[in-house]
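# Structural description and commentary
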Amino acid sequence: MRMRKKKNRESRIERCDELLIHEPFPKSKWNNVFNNQNPIYMEIGCGKGGFITGLALQNPDINFIAIEKCVDVIILALEKTKNLGINNIKFILGDATILEDIIAPGELCRIYINFCDPWHKSKHAKRRLTHSNFLNMYRNLLEPVHGELHFKTDNAQLFEFSLNEFSNDNLKLRNITLDLHKSNFDGNIMTEYETLFSQQGMPIYRCEVLF
Ligand code: SAH
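Now for a description of the structure that goes with this document. Quick caveat: nothing in here was measured; it's all calculated off a predicted structure. (Residues numbered from 1 in each chain as written. Predicted model: local features only at pLDDT ≥ 70, side-chain atom pairs only at ≥ 80, totals over all residues. Heavy atoms only, no water.)

## As for the pairing of strand 2 (residues 63-68)
The criterion, for reference: The classification of residues rests on relative accessible area computed with a 1.4 Å probe and restricted to protein chains. Under 20% of the type maximum is buried, over 50% is exposed, and intermediate values are partly exposed. The helix and strand labels rest on DSSP assignments: H or I over at least four residues marks a helix, E over at least two residues marks a strand, and numbering proceeds from the N terminus. The rule for pairing is simple: two strands pair if DSSP sees at least two bridges between them. Assignment of crossover handedness uses the view with strands pointing away from the viewer, where a clockwise path from the first strand over the helix to the second indicates a right-handed crossover.
For strand 2, a buried count of six out of six residues is recorded, marking the element as mostly surrounded by other parts of the structure. Alternating positions in strand 2 separate into two faces, N63, I65 and I67 on one and F64, A66 and E68 on the other, with burial throughout. Here strand 1 (residues 40-44) runs beside strand 2; their pairing, made up of five bridges, is parallel. When the bridges of strand 2 are listed, I44 appears paired with I67. Handedness of the crossover joining strand 1 and strand 2 through helix 3 (residues 50-58) is recorded here as right-handed. In this fold, strand 2 hands off to helix 4 (residues 71-83), which returns the chain to strand 3 (residues 89-93); that crossover is right-handed.

Dropping the structure here:
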């Protein structure tokens, strides 16, 4: 997500400081951060936060952690969360590659990935968030047996690549659709990218992966 450099970046982040978790990360102690024993779901690459805030409002008994690597984007997600008075989301400014330093094995129940960068060139395949290296990491972070990954994209090539990665990993799939908005899937929460792409008439691909 390309963004213009935000004005007053530091002071804007400071105003939302209680929502942003810094190092040292509370690995294995996220329940203490939220001050309850509720299940924890994570979104990787939350962008401007429209999806995670919508989900958190609908699910007050779930805790959410959102990781986003772009500071100028996470500011908007932080401000949205603060303005809505949401207290079941915490944010991490960082890259998904460091997730194992942040989250303990089995600490997550679900991971959401929405409209991640497709990394068109095959020499960059390892950067795709559905590459088998990432799947191995997710397997470790997700609780055994019930862990799930929910994935949406507008990109047919990335969806095809991802289905092959899931299949090579013997993962079970559920609710696969090649056109989410024309499917009978209930309760979809739109992301910012999803709104843009669907306004252009593009179909949205979605599936759920059972770990
Ligand atoms: N999920 C949002 C944004 C999609 S764009 C939406 O659907 O509207 C992809 C987002 O993921 C960008 O904001 C980008 O900065 C972030 N991102 C990409 N790779 C990442 C990574 N490895 N770790 C954390 N964030 C990442």
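Moving on from the coordinates now.
## Quick notes on the environment of H181
Where we set the bar: Residue contacts follow a heavy-atom distance rule, with two residues in contact if any of their heavy atoms lie within 4.5 Å. Here a polar contact is taken to be a pair of N or O atoms separated by no more than 3.5 Å, where protein atoms must pair a possible hydrogen donor with a possible acceptor and residues adjacent in sequence count only if both atoms sit in side chains.
The residue H181 is located in the loop between strand 6 (172-177) and helix 7 (192-199) in this model. Sequence separation between H181 and M202 is 21 residues; the distance between their C-alpha atoms is 9.9 Å. Ignoring anything within four residues of it in the chain, the contact list for H181 reads N188, M190, E194, S198 and I204. Engagement of the side chain of H181 in a polar contact is seen with the side chain of E194, the distance being 2.7 Å.

## Notes on the site of the ligand
Counted only if it meets this: The cutoff for a nearby residue is simple: one of its non-hydrogen atoms must lie within 4 Å of the molecule or strand. In these tables, accessible area is a Shrake-Rupley quantity obtained with a 1.4 Å probe, and a residue counts as shielded only by the protein chains included in the view. Site definitions follow a grid-based scheme: protein atoms alone, a 1 Å grid, a 1.4 Å probe that fits but cannot get out for cavities, and for pockets an open set with protein on both sides within 12 Å along at least five of seven lines, plus lining residues having an atom within 4 Å of a point. Cavity and pocket membership follows a simple rule, namely that a molecule belongs there if more than half of its atoms are within 2 Å of the grid points.
Near the ligand, the surroundings consist of 18 residues, among which G45, E68, A96, T191 and Y193 are the closest. A distance of 2.9 Å is found between a nitrogen atom of the ligand and a backbone nitrogen or oxygen belonging to A96. Contact between the ligand and E192: an oxygen atom at 3.3 Å from a main-chain N or O atom of the residue. Protein contacts shield 96% of the accessible area of the ligand, which totals 570 Å² for the unbound molecule. Assessed atom by atom at 2 Å from the grid points, the ligand resides in the largest pocket.

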